[in-house]
Amino acid sequence: MKSFTSRRARAIVVAIAAGSLALTGCSENKGSKSGADSKKDQKEASVQSKPVTYIDAAGSTGPAAEVPGAKSGGTVQVYQEAGLSHLDPGQIYVSDAGQVANLLFRRLTQFQEDDKGNVSVAGDLATDSGKSSDGGKTWTFTLKDGIKDANGTAITSADVRHTVERQFAKFIFDGPPYLQTWLAGQKYADDYRKLLPGGGFDGKHLPASVLDTPDAKTVIFHFDTARPDLPQTLAMAGYAVVPTKTDTKESYDKAPVATGPYKIASYKAGKSLVLTKNTNWDPKTDSVRHQYPDSFNFTFGITETTQTKRLIADQGEDKNAIQLTAGVESTQIQDVIGNPAVNKRTVKGYQPYVMQLSFNLDRVKDIKVRQAITYAVNSKSLIAGEGGAYGGDVAPNYFAPTLPGYEAAYDPYGRLKTPQGNIAKATELVKALPAAEKKLVFAYSNSEPGQKRKVAIEDALTKVGFDVVSKEVDSASYYEQIGKVANPYDMYITGWGQDWPSPGTVITPVYDPAQVTDGSPNYAHVRDPKVKELIQTALSQDPVAAAKTWKEAQHYLLEKVLPAAPLWYTKQFQLSGSNIGGARYGSVSSLLDINRIYLKS
């Protein structure tokens, strides 16, 4: 899944049998302990690599356990710099829209998290986390009674079918690809859309041998191989239900119909979003969400600097405010941690995202150019712009500390020894390059973090002899623009985090040659046949054997392909107003757990 604070970082977390994928997993809030001690932070982050458990019907029944001390009423103010790229669930694969989706939309399953940061999957629209048969190739879900959308219309299996089928339509291009790829199977491994080109809008539907809805309450998925991670996959925001009667195709992105505790009262793209209570949401059917505030008022266009200043000052409506995906602005971190009254209003945690400088392999074809850049980039400077030790740690490779198979010492380009960049090595490589290959077009987001990253990249690469031409990209559509296969850029900073605890949720979406399409997170356009072979091998293996193959894939990618220069592992450090209650760091969202918050008075 993509994170918008540090990226359109996408993060995918899945489990195999006992192990699962957890959406943008992040460690539980450890209060002021997290941030300054990187080794300790990385050890605590390993909680996110734990298997996700599946919950039965009893654990999937609402209402959700009350948050201690919670009260109802009032309006929560939500601050964000960039506008939302999408509100259509099928297009949501970024952390900012994912946070909003937690309030608006329900899916067949949902992630639950306890006070210790342990994550499980419960039934959401479904009565439980699903029942598998046929060796894991078949999964059956039964819908709960009393589920309605915001218009008061009952949700049936036909709506779930429609939600799945519309994923194959061409206008859905920016969400997760897992379910549709799995349903397409080997027959359409080259392009899953061939299974249902019309996305169900032309009257044609998936056959019962793939997706069966024998009655209004039953949904049955059939795959050509075992899919033990399906309950976690269906818990992703990208698979939230879209009621059949309300679907307006492309226009749905601006006015989706809610099924969660809140609905959209008004929306001005890039400016504001107001959510109010959905009176057709029944807490008795929901084991995860609450409906404490009367409303949420999102204001876009507020920079991270301004957010931090206002929240430190804690005046007026700022007392009722939270940051959506931004964190404490780097130059103000000491103002926060040095003031106990302010510091106690923070949530901190290790995120699953690896920030990297992705190369467009269609344009930067010489690996020596990519090697020179990888040696030259200054992780220390970039991390300083994120808040230093509170913002991240140097990344020597593509696997984060939250991921099973993480290799702390695997550092083929010496990032840990020379976090400021190996200037001598990079300069040596650049001198041998033709003049035409020394000019690079770098795309950056026109946000405060994007501006800081631009300066750091330009400084590092110019120092060793590159000519960097920086191109500003609108922050709200940043990932959409660099996600175009024919984009006009040589390189861009991206971020990715596991969708659940499996290396397959990093290697497959980001580097699979089959994913070189518009909207895909294969931003480097990796087309290497060896990578494809390793991915296919790993996906067919048991977890133990697959772990070795994923390791081999990472090593091959970094040493032989080099689609991106690893830069830093991200941490989150968010601040909220003094009247916000229930704040904790969410292992699922890797941000403040928006499902739990309330106003104290």
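Refer to the structure presented above.
What counts as what
Residues numbered from 1 in each chain as written. Predicted model: local features only at pLDDT ≥ 70, side-chain atom pairs only at ≥ 80, totals over all residues. Heavy atoms only, no water. Helix = DSSP H or I, 4+ residues; strand = E, 2+ residues; numbered from the N terminus. Rg over C-alpha atoms; globule rule 2.2 N^0.38 Å. Buried < 20%, exposed > 50% of the residue type's maximum accessible area, 1.4 Å probe, protein only. Contact = heavy atoms within 4.5 Å. Pairing = 2+ DSSP bridges. Core = buried A, V, L, I, M, F, W, Y, C linked by side-chain atoms within 4.5 Å. Phe/Tyr/Trp six-rings, centres within 6.5 Å; stacked < 30°, edge-to-face > 60°. Lys NZ or Arg CZ within 6 Å of the ring centre and 35° of its normal. Axes fitted to C-alpha atoms, helices over the stretch in contact; angles between N-to-C directions. Left-handed = near helix turned anticlockwise from the far one by under 90°. Nonpolar A, V, L, I, M, F, W, Y, C, P; charged D, E, K, R; others polar. Lys, Arg positive; Asp, Glu negative; His and termini not counted. Salt bridge = Lys/Arg side-chain N within 4 Å of Asp/Glu carboxyl O. Polar contact = N/O pair within 3.5 Å; in protein donor to acceptor, adjacent residues only side chain to side chain. Right-handed = clockwise from strand over helix to strand, strands pointing away. Parallel < 35°, antiparallel > 145°, perpendicular 65-115°, else oblique.

## Notes on the overall build of the protein chain
- Across its full length, the protein chain holds 16 helices and 22 strands.
- Taking 2.2 N^0.38 as the reference for a compact globule, 601 residues should give roughly 25 Å; the C-alpha atoms of the protein chain span a radius of gyration of 23 Å, in line with that estimate.
- Projecting the C-alpha coordinates of the protein chain onto the three principal axes gives extents of approximately 70 × 60 × 40 Å.
- The buried share of the protein chain, taken over its 601 residues, is 63%.
- By sequence separation, contacts in the protein chain at least 24 residues apart represent 75% of the contacts at least 6 residues apart.

## Digging into helix α14 (residues 504–511)
- Burial within α14 is extensive, with eight of its eight residues counted as buried.
- Taken together, the buried positions of α14 are occupied by G504, T505, V506, I507, T508, P509, V510 and Y511.

## Some words on the pairing of strand β19 (residues 491–500)
- Of all ten residues that make up β19, ten are buried, and the element is covered over most of its length.
- Taken together, the seven bridges between strand β15 (residues 346–359) and β19 define a ladder with antiparallel strand orientation. For L357, the partnering residue across the bridge sits in β19 and is I493.

## Examining the nonpolar core
- The biggest cluster of nonpolar side chains holds 97 residues, and the ones touching the most others in it are L183, F221, L357, I373, L461, F466 and M491.
- Examining the composition of this core, we find that six residues originate from one element, helix α16 (residues 543–561), more than from any other.
- Setting aside residues up to four positions removed in sequence, F221 forms contacts with L108, K137, T138, W139, F141, V164, L179, L183, V210, L211, L230 and L234.
- The next biggest cluster of nonpolar side chains, apart from the first, holds 34 residues, and it includes V257, Y267, L275 and I594.

## A few points about the sheet that holds strand β6 (residues 119–123)
- Sheet architecture is open: three strands sit in the order β3-β6-β5, paired in mixed fashion. Every other strand in the sheet has two partners, leaving β3 (53–54) and β5 (109–113) as the edge strands with one partner each.

## What about the packing of aromatic side chains?
- The full count for this structure, using the stated rule, is 21 aromatic pairs.
- Ring geometry for F442 versus Y444: centroids 6.4 Å apart, planes at 20°, classification stacked.
- What links up through ring pairs into an aromatic cluster is the set Y54, W139, F141, Y178, W182, F221, F223 and W500.
- Just above the ring of Y444 sits the side chain of K454; from NZ or CZ to the centre is 5.7 Å.

## What to know about the packing of α14 against helix α15 (residues 529–539)
- Following both chains from N to C, one finds α14 and α15 inclined at 145°, their axes separated by 11 Å at the closest point. As α14 packs across α15, the resulting crossing turns out to be left-handed. Here α14 contributes I507, T508 and Y511 to the contact with α15, which in turn contributes V531, I535 and L539.
- In the contact of α14 with α15, the residues fall into five nonpolar, one polar and no charged.

## Re the side chain of R345
- Position of R345 among the secondary structure elements: in the loop between α8 (340–343) and β15.
- The buried charged residue R345 lacks any salt bridge partner; its closest oppositely charged side chain belongs to D314, at an N-O distance of 4.0 Å.
- Of the polar contacts made by the side chain of R345, one reaches the backbone oxygen of S576; its length is 2.7 Å.
- In this structure, R345 is in contact with L311, I312, D314, Q574, L575, S576, G577 and S578, ignoring residues within four places of it in sequence.

## A closer look at the side chain of N487
- Along the polypeptide, N487 turns up in the loop between α13 (478–482) and β19.
- The class of N487 is buried, set by a relative accessible area of 5%.
- Of the polar contacts made by the side chain of N487, one reaches the side chain of N360; its length is 3.4 Å.
- A polar contact is formed between the side chain of N487 and the backbone nitrogen of Y489, at a distance of 2.9 Å.

## Overview of the pairing of strand β17 (residues 439–445)
- Burial analysis of β17 places six of its seven residues in the buried class, the great majority of the element.
- As judged from the seven bridges shared by β17 and strand β18 (residues 467–473), these two strands associate in the parallel manner. Bridged to L440 within β18 is V468.
- The parallel pair β17 and β18 is bridged by helix α12 (residues 448–463), and the resulting crossover is right-handed.

## Some details on the environment of D159
- Assignment of secondary structure puts D159 in helix α3 (residues 157–166).
- Sequence separation between D159 and A265 is 106 residues, and the spatial gap between their C-alpha atoms is 23 Å.
- If near-sequence neighbours (up to four positions away) are discounted, D159 is found in contact with A154, V241, V242, P243 and T244.

## Section: the pattern of salt bridges
- Counted by the stated rule, this structure contains 25 salt bridges.
- Measuring nitrogen to oxygen at the nearest pair gives 2.8 Å for the salt bridge that ties R106 to D124. In this pair, R106 sits in the loop between α2 (95–104) and β5 while D124 sits in the loop between β6 and β7 (131–133), placing the two residues 18 residues apart along the sequence.
- The salt bridge partner of R166 is D247, with a shortest N-O separation of 2.7 Å. Here the residue R166 occupies a position in helix α3, and D247 occupies one in the loop between α5 (230–234) and β11 (262–268), the gap between them amounting to 81 residues.
- D247 gets classed as buried once you look at its relative accessible area, which sits at 13%.
- One network of salt bridges, with partners in common, ties together R106, D124, D286 and R289.

## With respect to the packing of helix α9 (residues 367–376) against helix α11 (residues 423–431)
- With their axes 8 Å apart at the nearest point, α9 and α11 run at an angle of 155° to one another. By the angle between their directions, the pair α9 and α11 is classed as roughly antiparallel. Of the two elements, α9 crosses α11, and the hand of that crossing is left-handed. Along its contact with α9, which presents Q371, A372, Y375 and A376, the element α11 presents I423, K425, A426, L429 and V430.
- Counted by class, the contact of α9 with α11 contains seven nonpolar, one polar and one charged residues.

## Observations concerning the sheet that holds strand β12 (residues 272–277)
- Spatial ordering of the open sheet is given by β11-β12-β13-β4-β14, a layout of five strands whose pairing is mixed. Two strands in the sheet have a free side with no partner beyond their single neighbour: β11 and β14 (321–323). On average, adjacent strands in this sheet sit at an angle of 20° to one another, irrespective of strand direction.
- As paired strands, β11 and β12 are joined by six bridges and run antiparallel to one another. Note that in β12 the partner of K268 across the bridge is S272.
- Sitting on the sheet, α2 touches β4 (75–80), β11, β12 and β13 (295–300), and the angle it makes with β11 is about 135°.
- The sheet contacts of helix α6 (residues 304–313) involve β4 and β14, and relative to β14 the element is tilted by about 145°.

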